[in-house]
Amino acid sequence: MSPDAQKVKITYREAMRQAIREALIRDQRVFLMGEDVGAYGGCYAVSKGLLEEFGPDRIRDTPLSESAFVGAGIGAAMNGMRPIVEIMTVNFSLLALDQIVNNAATIPHMSGGQINIPLVIRMTTGAGRQLAAQHSHSLEGWYAHIAGIKVLAPATLEDARGMLWTALEDPDPVLIFEHGTLYNMEGEMAADAGAVEISKAAVRRAGTDVSLITYGGTLGKTLQAAEQLAASGIDAEVVDLRSLRPLDTGTVLDSVTRTHRAVIIDEGWRSGSISAEISARIMEGAFYELDLPVERICSAEVPMPYARHLEEAALPQASTIVATVTGMMGDHG
Amino acid sequence: MADFLMPSLGADMEAGTVLQWLVKPGDAVKRGDIVAVVDTEKATIEVEIFQTGVIQRIVVPEGEKVPVGTLLAVIAVQGEVAAAAPEARPAERTPMVPAPAPPIPPAAARVAVKPAPAPAAPHRARISPLAMRVAMELKVDLATVKGTGPDGAITKADVERAAKAPPPAPAPLEAPAPVAPRKPAVAPIDRRAAMRKAIAAAMARSKREIPHYYLGTHIDMSKAIGWLNAENLKRPVTERLLYSVLLLKAVALAVHEIPEMNGFWIDGAFKPSEAVHAGVAISIRQGGLIAPAIHDVERKSLGEIMVSLSDLVKRVRAGVLRSSEIADATITVTSLGDQGVESVFGVIYPPQVALVGFGKILERPWASGGLVGARPVMMASLSGDHRASDGHRGALFLTAVERLLQEPEKL
């Protein structure tokens, strides 16, 4: 992208729609399938207008059976197609867990590499929209536990626009987690933005005093917190993991080696979480760089409340990040 | 690439402190070179290396205490071009290292060497890993650093602040501060207690595991003493021999006839040793005992044994021994004649299988050829490991010692 490339104002939702549209145009094997993706235009309106443009063969509404349509997607991928399967939320993906974990993740291995599964499963994750405990959890950390799949968490417009094509090119199944609060995020993006690589974490803000490590829906809050901390003289570096499996440990360790302090912000529950994994890797790989114990800011370990004030209290917020960092730094800022 | 590990410098050793490295990465070393000084419960040991090559990397820094078997340094073995070469097997590296000490002396030996904790600090100091590293780099004594981190933890900033602060007692400006002699990691008082614990552990293990049998015989020493006196007259004063040299050589030659006395009992089997490395029990003035080896006694002349013995005694008193001397002894010889006793039935030092004791030489009535006369007589004794040998073989061994001492000129 050239520096004077034209910028366009765009939302995360629209960036994602452009990504799907581009894939449908570039590769005839690509099709989109899921609940209400066609006539209704997608539960989060990501696929609005695509049925009219590409027709019912390529934009397919499915019955309310995650296990069936994810399984169908796996079968299609095994037979040479490039399916994009949309699951309404990560909570519902548990109905397709058997297909994802026992089939998608294992068949390339079980077939001795004879069968690839170039499948992309997109789903919404996370809280913050008062959708209560059955539509609001962040379970991407669970999926990051499963060997045989890739787990992505686009947190920026560029990643929403660019990760899908690269994921479709991948011979293995890729899960893309779109945080529900991001769809309305609006910003400027290069008009010619396109495919991005999907294996590296990114430093979204360079800093010297503390590494704030996060991904997905909490990236925005973390960047906000970093700005507030800067006002009080603490220069925070913000690392966006982008991929939860594989984890780009190198970028995390490099950052901690620069700052000697780490805080992990994860909307998942703390116990047995991806934040625990990252903390362990920091201890394994950068123990002698640590000047303070690693801190974690996660969601309260309760089913996500419906009431707005309770939901806000249960989630990591910019204010909790600021308070945690300020507390741990003491007079060492 | 070969690993240089913390050697086991005796059956009772569990851990050692690297006091000093005598080599640095890039240095060429050859088999037998002394590369490090290690402090154990018993002594300060100069540790030899068993590979020839180039020091690649030093893993354990000076001042650190690590268990036996810990990787101390990595050596690029001669002729090796950083490519994968077969690692030196432990057996090749330290041919005579006794089996690792059993886990019997529980925490005792380990606890004993720790300096007593300062009474004012009931908790372990909170020091961040980074602060610890920086303190090492800046040579800051962490005991002098005040922690300002969470719960008084010492952080990097605290260490850097302490490094910048002027030293508490500034040295006179004209004379640069002399380099302080390296403080032993273990204070003398601890060393003595630690050695007692170590001896206790080894001897308790010996009596628990080794079924000892004991044999003794009186030996007419008139020929040996007569020959020695005549021989010493021929020698310059500095090269004169002690009679214990004759005893050592006689033991070494007798062992060649009865090899069950010489070697180690390891993993339920006797492993004989071709060479005879005689451990000589030497008491330490401050208390305690150590039995470093004189190597290849059977191949040395009496004069050479004498030189080795004097050197060994001197270095035991100075507290500086070599690793192979500590680890290699294949049989122990103890002589309490100087202390005035007639006989000694010793406790075998595991994993060895025999200990030979010599008592005081006394003038005694001695009947020989139908006549009674006064002869210098010495009691020789054998403590044998009944797992490795039987009393019959032990008797042949002591008889061989006696016979050899009757022909001192052949020793």
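These figures come from a predicted structure and were not determined experimentally.

### Let's talk about the overall build of chain A
Helix and strand counts for chain A come out as 13 helices and 14 strands. For chain A, the residues scored as buried account for 48% of the 333 residues in total. For chain A, the share of sequence-separated contacts (at least 6 apart) that also reach a separation of at least 24 residues comes to 79%.

### Quick notes on the overall build of chain B
When helices and strands are tallied, chain B shows 10 helices and 20 strands. Taking all 411 residues of chain B together, 39% fall into the buried category. Restricting the contact set of chain B to residue pairs at least 6 apart, pairs at least 24 apart contribute 67%.

### Structural notes on the nonpolar core
The biggest cluster of nonpolar side chains holds 102 residues, and the ones touching the most others in it are Leu152 and Leu164 of chain A. Leaving out residues up to four positions away in the same chain, leucine 164 of chain A has contacts with Ala19, Ile20, Ala23, Val120 and Ile176 of chain A. Counting residues in each nonpolar core, the second largest holds 84 residues, with Ala43, Val60, Leu72 and Ala73 of chain B among its members.

### Points about the interface of chain B and chain A
Taken together, the contact between chain B and chain A spans 11 residues of the former and 11 residues of the latter. Listing elements by their share of the side of chain B that touches chain A, those giving two or more residues are α3 (129–138) and α4 (156–164) of chain B. At four residues, α3 of chain B tops the list of elements feeding residues into the side of chain B that touches chain A. Residue classes in the side of chain B that touches chain A are distributed as five nonpolar, four polar and two charged.

### Let's talk about the sheet that holds strand β3 (residues 28–29) of chain B
Residue and element names in this part refer to chain B. In spatial order, the strands read β1-β8-β6-β3; together these four strands make up an open sheet with antiparallel pairing. With one partner strand each, in any of the chains shown, β1 (2–5) and β3 form the two edges of the open sheet. By the bridge criterion, four bridges tie β1 to strand β8 (residues 71–77) in an arrangement that is antiparallel. Across the sheet, residue phenylalanine 4 finds its bridge partner in β8, namely alanine 73.

### Here we look at the packing of helix α7 (residues 243–257) of chain B against helix α10 (residues 391–405) of chain B
Two numbers describe a pair of packed helices, the interaxial angle and the distance between the axes. Residues and elements named next belong to chain B. Viewed as axis vectors pointing N to C, α7 and α10 meet at an angle of 130°, and their least axial separation amounts to 8 Å. Relative to α10, the element α7 is oriented oblique. Crossing geometry of α7 relative to α10 is assigned as right-handed. Judged by residue contacts, Leu246, Ala250, Val251, Leu253, Ala254 and Glu257 of α7 engage Phe397, Ala400, Val401, Leu404 and Leu405 from α10. Looking at the contact of α7 with α10 residue by residue, the class counts come to 10 nonpolar, no polar and one charged.

### With respect to the sheet that holds strand β6 (residues 150–152) of chain A
All names here are of chain A. Pairing within the open sheet is mixed, and its seven strands lie in the order β3-β2-β4-β5-β7-β6-β12. Each edge of the open sheet is held by one strand with a lone partner, namely β3 (59–61) and β12 (243–245). Averaged over all pairs of adjacent strands, the angle between their axes in this sheet comes to 20°, without regard to strand direction. Here three bridges tie β6 to strand β7 (residues 174–179), and the two strands are oriented parallel to one another. Across the sheet, valine 151 pairs through a bridge with leucine 175, a residue of β7. Sheet strands in contact with helix α8 (residues 157–169) are β2 (30–34), β4 (82–89), β5 (120–125), β6 and β7, and its direction is about 165° off that of β7.

### Comments concerning unusual backbone geometry
Across the junction of arginine 245 of chain A and proline 246 of chain A, the peptide omega takes the value -5°, indicating a cis bond. Residue position: proline 246 of chain A is located in the loop between β12 and α10 (249–259). Following proline 350 of chain B, the chain continues into proline 351 of chain B via a peptide bond in cis, with omega recorded as 5°. Of note, proline 351 of chain B is situated in the loop between β17 (331–335) and β18 (354–358). For arginine 242 of chain A, which is not glycine, the phi dihedral falls at a positive 65°. Position of arginine 242 of chain A among the secondary structure elements: in the loop between β11 (236–240) and β12. Even without being a glycine, lysine 139 of chain B presents a positive backbone phi close to 55°.

### A few points about the environment of methionine 195 of chain B
Residues and elements named next belong to chain B. Within the fold, methionine 195 resides in helix α5 (residues 188–209). Residue methionine 195 is classed as buried on the basis of its C-beta count, with 24 C-beta atoms lying within 10 Å. For methionine 195 and alanine 43, which are 152 residues apart along the polypeptide, the C-alpha to C-alpha distance reads 8.4 Å. Setting aside residues up to four positions removed in sequence, methionine 195 forms contacts with Glu41, Lys42 and Gly288.

### Description of the pairing of strand β6 (residues 53–58) of chain B
Relative to β6 of chain B, β3 of chain B is paired through two bridges, and the arrangement is antiparallel. Of the residues in β6 of chain B, the one forming a bridge with alanine 28 of chain B is valine 54 of chain B.

### Section: α10 of chain A
Residue and element names in this part refer to chain A. Of all the positions in α10, only Val252, Ser255, Val256 and Thr259 are classed as buried. For α10, the arc enclosing every buried residue in end-on projection is 95°, short of the 170-degree limit, so these residues lie on one face. Those residues of α10 hidden inside the fold are in contact with β9 (202–205), β10 (210–214), β11, β13 (262–269) and α11 (274–286).

### Thoughts on the confidence of the model for chain B
Residues of chain B with pLDDT of at least 70 account for 82%, and the chain-wide mean is 80. Below pLDDT 50 for its whole length, residues 169–186 of chain B participates in 15 contacts with residues either more than four positions away or in separate chains.

What counts, and where the lines are drawn
Residues numbered from 1 in each chain as written. Chains lettered and ligands numbered in written order. Predicted model: local features only at pLDDT ≥ 70, side-chain atom pairs only at ≥ 80, totals over all residues. Helix = DSSP H or I, 4+ residues; strand = E, 2+ residues; numbered from the N terminus. Buried ≥ 20, exposed ≤ 12 C-beta atoms within 10 Å, placed from the backbone. Contact = placed C-beta atoms within 7 Å. Core = buried A, V, L, I, M, F, W, Y, C linked by C-beta atoms within 7 Å. Nonpolar A, V, L, I, M, F, W, Y, C, P; charged D, E, K, R; others polar. Pairing = 2+ DSSP bridges. Axes fitted to C-alpha atoms, helices over the stretch in contact; angles between N-to-C directions. Parallel < 35°, antiparallel > 145°, perpendicular 65-115°, else oblique. Left-handed = near helix turned anticlockwise from the far one by under 90°. Arc of directions from axis to C-beta. pLDDT = per-residue confidence, 0-100.

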